[in-house]
Amino acid sequence: MTDSSNAKKSATSNAMWGGRFADGPDAIMEAINASIGFDQRMAAQDIAGSRAHAAMLEATGILEASDVKAIREGLLTVLSEIETGRFEFSVGLEDIHMNVEARLKEIIGEPAGRLHTGRSRNDQVATDFKLWVRDQLDACESGLLALIRALLAQAEAGADWVMPGFTHLQTAQPVTWGHHMMAYVEMFGRDLSRVRDARVRMNTSPLGAAALAGTSFPIDRHMTAEALGFDAPAANSLDAVSDRDFALEFLSVASICAMHLSRFAEELVIWSSAQFRFVTLSDRFSTGSSIMPQKKNPDAAELIRAKVGRIFGANTALMMVMKGLPLAYSKDMQEDKEQVFDAADNLMLALAAMQGMVSDMTANRESLAVAAGAGFSTATDLADWLVRVAGLPFRSAHHITGSLVALAEKKGCDLPDLTLEDMQSAHSGITRDVFDVLGVENSVNSRTSYGGTAPDQVRHQIARWKEIAG
């Protein structure tokens, strides 16, 4: 870059800052101060906010209609240039707001300088950022609904397929494939609720709060709030420009959702292994090995599992940025966006990848059924039978069942393979009817309590969620 172009850039920057600064910024200061490298992602929101602000300035008589017409048309030209890649962003102009305003001035001249009447970059950036985060919440809602629908399809297909349920990753009791899928529907359903709740809470407009104290111009903040889809203007100008709770809440919601995605990804990694063979992942979401031709690696699931670290990190980082800031705006708050941008990108990618894997994966019914009957999975059913039929206290039934498990282990068989005499050696009141409860199909069919694994209960929950998810 030539000296003359440097001088031109500094002069432009000084003009934006005003007469307070005689010299241009040092190169290091310019580098640390500029945010245009990342906040250009908010261009559409910035221009939408400016167009709404300009319309309000005309409606309140603060600006002439001719100026506002030029401003609003000029802003559309700027937006077109940005969307088509023809816009030249300048680091010397710091941020998206100044870049847009400078280009607007080149297009329409003097009226561009009137656009900033009654507002500040402080309320402008808060408005842009809120609009951007709100868009991400809407996208997240769509992604969650798509994933929930994919899980519902899996659950419906295997509502009565038996599989082992685990605690401590040890075989616990038989459940159904549909029941397991519906557990994740409930998890992601709570994420959906948090997304919707966060959107309601953050939907107030900072625009018109100006630098921190409001403005003496007779602006109509309700008009701009309505134009931008906000429920109301933010009620306190100090809070409006210094609030980043909406970003923190988005990161919190994203972190919990990413944790759920990571838990499911971990199960898919385990289930798709040669040792389990519970599911087969499609080739679209798997990779091979450079030297081992037999390998089919669940890389998409593993990468989803890893994304949670970046999203958790973003949440912690922004908490640290905000924790010691006095009111109102501080330049520290420029460090809010990159964390949120990165978290949003990775959350949406993880949601899309998980939805794709769930839609494409095949549950291996035979492998699930074999595993469901192993590991003494119906031991609790035996204990329940002793309580229900033999009239024993549960603790006594638990002890007797434990002794029969030990006997089966010693004989190298499972509980249903013990003879009646074996059973009666532990308790004389056991009858042949006990074998009716030791099959995994009978076990899952008996779990008819609300929310239980019985197929009819699973189908009831599927029907309920189909209404919710649409």
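Note that the coordinates shown come from a computational prediction; the quantities given were computed from them, not determined experimentally. Note that residues are indexed from 1 along each chain, following the sequence as it is written. Given that the model is predicted, a residue must reach a pLDDT of at least 70 before its local features are reported, and side-chain atom pairs must reach 80 or more before they are shown or counted; all residues, however, enter totals for whole chains, interfaces and linings. To obtain the side-chain values, all non-hydrogen atoms of the structure were included, while hydrogens and water were left out.

A word on the overall build of the protein chain
Piece 1. Per the convention used, a helix needs a DSSP run of H or I reaching at least four residues, while a strand needs a run of E reaching at least two, with both numbered from the N terminus. What the protein chain contains, in helices and strands, is 19 helices and six strands.
Piece 2. The dimensions of the protein chain, computed from C-alpha atoms along their principal axes, are 100 × 55 × 40 Å.
Piece 3. Roughly 22,000 Å² of accessible area belongs to the protein chain as shown, and the carbon and sulfur atoms make up 53% of that amount.
Piece 4. Of note, the protein chain has its 44 positive side-chain charges centred 1 Å away from the centre of its 60 negative side-chain charges. Areas reported as accessible are Shrake-Rupley estimates using a 1.4 Å probe. Residue values count occlusion only from the protein chains shown. In this charge count, Lys and Arg are treated as positive and Asp and Glu as negative; neither His nor the chain ends contribute. One atom stands in for each charge, and that atom is NZ of Lys, CZ of Arg, CG of Asp or CD of Glu.

Observations regarding the pattern of salt bridges
Piece 1. Take a side-chain nitrogen of Lys or Arg and a carboxyl oxygen of Asp or Glu: if they are within 4 Å of each other, that pair is a salt bridge. Counted according to the given criterion, the structure contains 26 salt bridges.
Piece 2. Ionic pairing is found between arginine 121 and glutamate 94, a salt bridge with its closest N-O pair at 3.2 Å. Here arginine 121, found in helix 7 (residues 121-157), pairs with glutamate 94, found in the loop between helix 5 (65-83) and helix 6 (96-108); they are 27 residues apart in sequence, far enough to count as distant.
Piece 3. Only protein chains enter the accessibility calculation, which uses a 1.4 Å probe. A residue is then buried if its area is under 20% of the maximum for its type, exposed if over 50%, and partly exposed in between. For glutamate 94, a relative accessible area of 6% corresponds to the buried category.
Piece 4. Here aspartate 197 makes a salt bridge to arginine 201, at a shortest N to O gap of 2.8 Å. You can see aspartate 197 and its partner arginine 201 sitting in helix 8 (residues 177-202), four residues apart, about one turn around the helix.
Piece 5. Arginine 201 sits in the partly exposed class, given a relative accessible area of 47%.
Piece 6. Salt bridges sharing common partners tie together Glu94, Asp95, Arg121 and Lys331.

Notes on the packing of helix 7 against helix 11 (residues 245-271)
Piece 1. Packing of helix 7 against helix 11 leaves a shortest axis separation of 10 Å and a crossing angle of 20 degrees. In this view, helix 7 runs roughly parallel relative to helix 11, as classed from their interaxial angle. In the crossing of helix 7 with helix 11, the sense of the turn from one axis to the other is left-handed. Mapping the contact onto sequence places Ala126, Phe129, Lys130, Val133, Gln136, Leu137, Leu144, Leu147 and Leu151 in helix 7 and Phe246, Ala247, Phe250, Cys257, Leu261 and Phe264 in helix 11. Axes, fitted as lines to C-alpha atoms, cover a helix only where it is in contact. Angles between the N-to-C directions of the axes lie from 0 to 180 degrees. By the definition adopted for this analysis, an angle is roughly parallel if under 35 degrees, roughly antiparallel if over 145, roughly perpendicular if from 65 to 115, and oblique otherwise. Each crossing gets its hand from how the near helix is turned against the far one by less than a right angle, where anticlockwise is left-handed and clockwise is right-handed. By definition in these notes, contact holds between two residues if any of their heavy atoms fall within 4.5 Å.

Let's talk about the packing of aromatic side chains
Piece 1. What counts as a ring pair is set by centres within 6.5 Å for rings of Phe, Tyr and Trp (its six-membered ring), and what kind of pair is set by the plane angle: stacked under 30 degrees, edge-to-face over 60, tilted for all other angles. Counted according to the given criterion, the structure contains 10 aromatic pairs.
Piece 2. Against the face of phenylalanine 341 rests arginine 41, its NZ or CZ located 4.9 Å from the ring centre. Each ring is checked for a lysine NZ or an arginine CZ that lies within 6 Å of its centre and within 35 degrees of its normal; such an atom marks a charge sitting over the ring.

Observations regarding helix 14 (residues 365-372)
Piece 1. Buried within helix 14 we find Leu368, Ala371 and Ala372. The arc that holds the buried residues of helix 14, viewed along the axis, is 105 degrees, so those residues lie on one side. Turned more than 90 degrees away from the buried face of helix 14 sit Glu366 and Val370, all of them exposed. Taken from the helix axis, the directions to the C-beta atoms give the arc we talk about.

As for the nonpolar core
Most often, soluble globular proteins have nonpolar side chains that are buried together.
Piece 1. Here the nonpolar core consists of buried residues drawn from Ala, Val, Leu, Ile, Met, Phe, Trp, Tyr and Cys, with membership extended through side-chain atoms lying within 4.5 Å. Formed by 79 residues in total, the largest nonpolar core has its most connected members in Trp177, Leu261, Phe264, Trp271 and Met354.
Piece 2. Looking at this core, the elements that each hand over two or more residues are helix 7, helix 8, helix 11, helix 12 (299-322), helix 13 (337-360), helix 14 and helix 19 (455-469).
Piece 3. For this core, the element with the most residues is helix 11, which contributes 16 residues.
Piece 4. Other than its neighbours up to four places away in sequence, methionine 354 contacts Leu147, Leu261, Phe264, Ala265, Leu268 and Ile304.

Some details on the pairing of strand 2 (residues 170-176)
Piece 1. One bridge is not enough; two strands pair if DSSP finds at least two bridges between them. When strand 1 (residues 162-167) meets strand 2, the two strands line up antiparallel, connected through six bridges. For phenylalanine 166, the partnering residue across the bridge sits in strand 2 and is threonine 171.
Piece 2. The turn joining strand 1 and strand 2, which pair antiparallel and follow one another in sequence, is formed by two residues; a positive phi near 60 degrees is taken by histidine 168.

Points about the packing of helix 8 against helix 19
Piece 1. At a minimum axis separation of 10 Å, helix 8 and helix 19 run at an interaxial angle of 35 degrees. Considering only the axes of helix 8 and helix 19, their crossing is left-handed. Contacts between helix 8 and helix 19 involve Gly178, His179, Met182, Val185, Glu186 and Gly189 on the former and, on the latter, Val458, Gln461, Ile462, Arg464 and Trp465.

Re unusual backbone geometry
Piece 1. Between leucine 327 and the following residue, alanine 328, the backbone shows a cis peptide bond with an omega angle of 10 degrees.
Piece 2. Within the secondary structure layout, alanine 328 lies in the loop between helix 12 and helix 13.
Piece 3. Residues other than glycine seldom take positive phi values, yet histidine 168 does so here, at roughly 60 degrees.
Piece 4. In this fold, histidine 168 is placed in the loop between strand 1 and strand 2.

Details of a nonpolar patch on the surface
Piece 1. Residues enter a patch when their relative accessible area is above 30% and they make no salt bridge; the linking distance is 9 Å between like charges and 5 Å between nonpolar side chains (Val, Leu, Ile, Met, Phe, Trp, Tyr). On the surface, Leu212, Leu238 and Leu327 cluster together to form a nonpolar patch covering roughly 270 Å² of accessible area.
Piece 2. Looking at where leucine 327 falls in the secondary structure, it is placed in the loop between helix 12 and helix 13.
Piece 3. Leucine 327 gets classed as exposed once you look at its relative accessible area, which sits at 61%.

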